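Close look at the chain arrangement
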Number of protein chains: 2
Amino acid sequence: MNKEYLDLAIDYAKQAFDCNEVPIGAVIVKDNKVIGYGYNQKEKKQSVVEHAEIIAIRMAEQTLNNWRLNDCDIYVSLDPCPMCASAIKQARIKNVYSAVSNLDENNLKIITNIFTKDHTNPEVEFKTNLSVDKSKELLNKFFEKQRNN
Amino acid sequence: MNKEYLDLAIDYAKQAFDCNEVPIGAVIVKDNKVIGYGYNQKEKKQSVVEHAEIIAIRMAEQTLNNWRLNDCDIYVSLDPCPMCASAIKQARIKNVYSAVSNLDENNLKIITNIFTKDHTNPEVEFKTNLSVDKSKELLNKFFEKQRNN
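Bear in mind that the values here come from a model prediction, so they are computed numbers and not experimental data.

Concerning the sheet that holds strand E2 (residues 33–39) of chain A
Residue and element names in this part refer to chain A. Spatial strand order, E2-E1-E3-E4-E5: 5 strands in an open sheet with mixed pairing. Two strands close off the open sheet at either side, each with one partner strand: E2 and strand E5 (125–127). Across this sheet, the average inter-strand angle for adjacent strands is 15°, counted without regard to direction. Here helix H1 (residues 3–18) sits on the sheet and contacts strand E1 (25–30), E2, strand E3 (72–76) and strand E4 (95–98); the angle it forms with E1, its principal contact strand, is near 145°.

Below is the structure:
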């Protein structure tokens, strides 16, 4: 785990914030090099698929010209949803480092089952709440702005 | 449920088969009109995201210029993976009609939790094994071809 990449994921989350999107960012790292990154663009692109993680995965796949993101880690500013968790698993990403957790009991169970109990792909290590304050502040600011509009 | 659309999803699966992709197809219907369709292109595009359902969802979103696929149904030639199930849920698709089930106990639990227990979006109705023979035959033919190569 390299805190710099977590900060970078939060920087991308800020780009989403500036576009009035829920501020979530993601960075994919292999051999200490960033090979993919993204921030949430659901509203701009009008697509549920355009989450930060999916955008970062597609970029990393293009960088490697391979859907197998072996020995890659993903840094995210917020825990992944089940869609992104399953994409991470299927892409064979090794570690998920998340700044802050927002999972309720059901979603935590879903994510855990996806990462550890589906044996068609290697197990994913998932660590969260690694940079709570910075990421939470951004999310709180976003939802406050939403309430005021 | 309209069997014609299930047959159409299987027709798209055949297109995947012809491209040496795992033969899976999907069709999205609103008001008795097809507004999105797709077939698996994971290998061609070298991306774990390029599942039939995701491609169909993106097309339907573009058709409606909206990520909210309210009152839409998706017809699939095989049960969705957790990534696609979560995308279906987040897109607010109403019904999933699947030709054949391939879910083990863990994945069935994940899918069920995604469709019914996450209350941030409306519940998704999921019916499977609606056209087992046709879809299974295609899948078996594909894996036989794989073994022979």
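Observations concerning the relation of the copies chain B and chain A
You can overlay chain B on chain A at an RMSD of 0.0 Å; the transform is a turn of 180° with a shift of 0.0 Å along its axis. The two molecules are tied by a two-fold rotation axis, judged by turn and shift. Residue Met-83 of chain B, judged by its C-alpha, is the member of chain B lying nearest the rotation axis, at 2.0 Å. Of the interface residues in chain B, 97% have counterparts in chain A that sit at the interface too, so the contact is made through matching surfaces.

Regarding the pattern of salt bridges
Residues and elements named next belong to chain B. Inspection of every chain in the model, using the stated rule, returns 10 salt bridges over all chains. Taking the shortest distance from any N to any O, the salt bridge between Glu-50 and Arg-58 comes out at 2.9 Å. Taking relative accessible area as the criterion, Glu-50 reaches 7% and is therefore assigned buried. Taking the shortest distance from any N to any O, the salt bridge between Lys-127 and Glu-125 comes out at 3.9 Å. A relative accessible area of 41% places Lys-127 in the partly exposed class. The partly exposed category is assigned to Glu-125, whose relative accessible area is 44%.

Digging into the interface of chain B and chain A
Many authors give the size of an interface as the accessible area that is lost as the parts come together. Listed as interface residues are 31 residues of chain B and, on the opposing side, 30 residues of chain A. Between chain B and chain A, the buried area comes to about 2500 Å², and carbon and sulfur atoms account for 55% of it. Considering only the surface of chain B that becomes buried against chain A, Gln-46, Val-48 and Trp-67 of chain B emerge as the three largest contributors, covering 24% of it. Summed over the shared surface of chain B and chain A, the result is 0 salt bridges. Taken together, chain B and chain A are joined by 13 residue pairs in polar contact (both at pLDDT 80 or more). Per-element accounting of the side of chain B that touches chain A gives the leading share, 7 residues, to helix H5 (residues 105–117) of chain B. Class assignment for the residues of the side of chain B that touches chain A results in 12 nonpolar, 10 polar and 9 charged.

Describing unusual backbone geometry
Of note, the phi angle at Asp-31 of chain A is positive, near 50°, even though the residue is not glycine. Within the fold, Asp-31 of chain A resides in the loop between E1 and E2. For Asp-31 of chain A, a relative accessible area of 65% corresponds to the exposed category. Phi at Asn-65 of chain B is positive, roughly 50°, even though this residue is not glycine. We classify Asn-65 of chain B as exposed; its relative accessible area is 59%.

Quick notes on the packing of helix H4 (residues 82–90) of chain A against helix H5 (residues 105–117) of chain A
Residues and elements named next belong to chain A. Axis separation between H4 and H5 bottoms out at 9 Å; the angle between their running directions is 10°. Judged on the interaxial angle alone, H5 and H4 are roughly parallel. From H4, Pro-82, Ala-85, Ser-86, Ile-88 and Lys-89 reach across to H5, where they touch Asn-107, Ile-110, Ile-111, Ile-114 and Phe-115. Here the residues of the contact of H4 with H5 sort into 7 nonpolar, 2 polar and 1 charged.

Topic: the confidence of the model for chain A
The predicted coordinates of low-pLDDT regions are not to be read in fine detail. Confidence along chain A averages 96 in pLDDT terms, with 100% of residues attaining 70 or more. Taken over the whole predicted complex, pTM reads 0.97, whereas the ipTM for its chain interfaces reads 0.96.

About the thresholds
Along each chain, residues carry numbers from 1 onward, in the same order as the chain's sequence is written. As a convention, the first chain written is A and the first ligand written is 1, with the rest following in written order. Reporting of local features is limited, given that this is a predicted model, to residues whose pLDDT is at least 70; pairs of side-chain atoms are given and counted only at 80 or more, and all residues count toward the totals for whole chains, interfaces and linings. Computation of side-chain values: all heavy atoms of the structure, hydrogens and water removed. A pair of strands is labelled paired if DSSP reports no fewer than 2 bridges between them. Secondary structure elements follow DSSP: runs of H or I of four or more residues count as helices, runs of E of two or more count as strands, with numbering from the N terminus. Here an angle of 0 to 180 degrees is reported between the N-to-C directions of two axes, which are lines fitted to C-alpha atoms, with helices fitted over the stretch in contact. We call two residues in contact whenever any of their non-hydrogen atoms come within 4.5 Å of each other. Least squares is the method used to superpose the copies, on C-alpha atoms of residues holding a pLDDT of at least 70 in both. By salt bridge we mean one thing: a side-chain nitrogen of Lys or Arg within 4 Å of a carboxyl oxygen of Asp or Glu. Summary of the burial criterion: residues with accessible area below 20% of their type's maximum are buried, those above 50% are exposed, and those between are partly exposed, where the area comes from a 1.4 Å probe applied to protein chains only. Put simply, buried area is how much 1.4 Å-probe accessible surface two parts lose in total, over both of them, once they are put together. Counted as a polar contact is a pair of N or O atoms within 3.5 Å, where, for protein atoms, one must be capable of donating a hydrogen and the other of accepting one, and residues adjacent in sequence contribute only when both atoms are in side chains. Residue polarity is assigned by list, with Asp, Glu, Lys and Arg as charged and Ala, Val, Leu, Ile, Met, Phe, Trp, Tyr, Cys and Pro as nonpolar; anything else, Gly included, falls into the polar class. For this classification, under 35 degrees means roughly parallel, over 145 means roughly antiparallel, 65 to 115 means roughly perpendicular, and everything else is oblique. Confidence scores per residue from the predictor, reported as pLDDT, run from 0 to 100.

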